[in-house]
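# Residue-level structural notes
If you want the building blocks of each chain, they are given just below.
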Amino acid sequence: MKFKHIYTMKKTKYFLAVLALVAVGSISIMSCDKEEINEDAYVSNMEKSDCLGMPKYSETSEDSIVFNYENHTLFVEHHNHIINCGHDSISVSVNVANDTIWIKELDFGEEANCICNVTNSYQINNLEKGRYVVVVRNCTRMGNYPEGCRIVYQGILNI
């Protein structure tokens, strides 16, 4: 009788171990959802101000970014965007994956021996309401030099 009890306990432990593995496997499969990418989101109406003057503190002065959302469109104003005075244009691209909006502002132009700040404004179209992590990167490309980027904003946006 004692021998039968040990066999039943081993069988129960084995059953519980298999059940635990099945549960862990199910959770793993459910959490491995396919990455959702919004390929419909795009940038439009990009505008850059003229040089507003030299930055007040230094090249690392804080950028100020204001977001407004209306009718599937995110309006972005980027104040105190510090650029080299030789840059003549800024290109903005967006990538929306899952709950993250990646914004890349790329400055183009020739290098000059001065810096100034500008205000960029643009809109991101076809964006659904939700809670997003927003990452804004300033990138610069001068001549044949490789592109250099720095994150100027990272935060949560509820729209």
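Residues numbered from 1 in each chain as written. Predicted model: local features only at pLDDT ≥ 70, side-chain atom pairs only at ≥ 80, totals over all residues. Heavy atoms only, no water.

## Quick word on the overall build of the protein
What counts, and what does not: To qualify as a helix, a DSSP run of H or I must reach at least 4 residues; to qualify as a strand, a run of E must reach at least 2; elements of each kind are numbered from the N terminus.
Tallying secondary structure elements over the protein gives one helix and nine strands in all. In sequence order, the protein lays out its α and β elements as α-β-β-β-β-β-β-β-β-β.

## A look at the packing of aromatic side chains
Heads up, the rule is: In this scheme Phe, Tyr and Trp rings, the latter by its six-membered ring, pair at centre separations within 6.5 Å, and the angle between planes marks the pair as stacked below 30 degrees, edge-to-face above 60, and tilted otherwise.
Counted by the stated rule, this structure contains one aromatic pair. Pairing Phe-67 with Tyr-153 gives two aromatic rings, centres 5.4 Å apart and planes at 55°, and the pair type is tilted. Of this pair, Phe-67 sits in strand 3 (residues 64–70) while Tyr-153 sits in strand 9 (residues 148–158); the two residues are 86 residues apart in sequence, bridging distant segments of the chain.

## A word on the confidence of the model for the protein
Heads up, the condition is: Think of pLDDT as the predictor's per-residue confidence, scored from 0 to 100. In what follows, residue pairs with any heavy atoms lying within 4.5 Å of each other are defined as contacts.
Per-chain confidence: the protein averages 79 in pLDDT, with 70% of residues scoring 70 or above. Scored below 50 in pLDDT, residues 27–33 makes zero contacts in the model with residues more than four places away or belonging to other chains.

## A word on the nonpolar core
The nonpolar side chains of a soluble globular protein tend to be buried, and buried together. Quick note on the threshold: Nonpolar cores were defined as sets of buried Ala, Val, Leu, Ile, Met, Phe, Trp, Tyr and Cys residues, with membership established by side-chain atoms within 4.5 Å. Only protein chains enter the area calculation, which uses a 1.4 Å probe; residues under 20% of their type maximum are buried, those over 50% are exposed, and those in between are partly exposed.
With 22 residues, the main nonpolar core has Leu-74, Ile-101, Ile-103, Ile-124 and Val-134 as its most contacted residues. Secondary structure elements with two or more residues in this core: strand 3, strand 4 (73–84), strand 5 (87–97), strand 6 (100–109), strand 7 (115–125), strand 8 (131–142) and strand 9. Those residues in contact with Ile-101 that sit more than four places away from it in its chain are Leu-74, Val-94, Asn-95, Val-96, Ile-124, Leu-127, Tyr-132, Val-133, Val-134 and Val-135.

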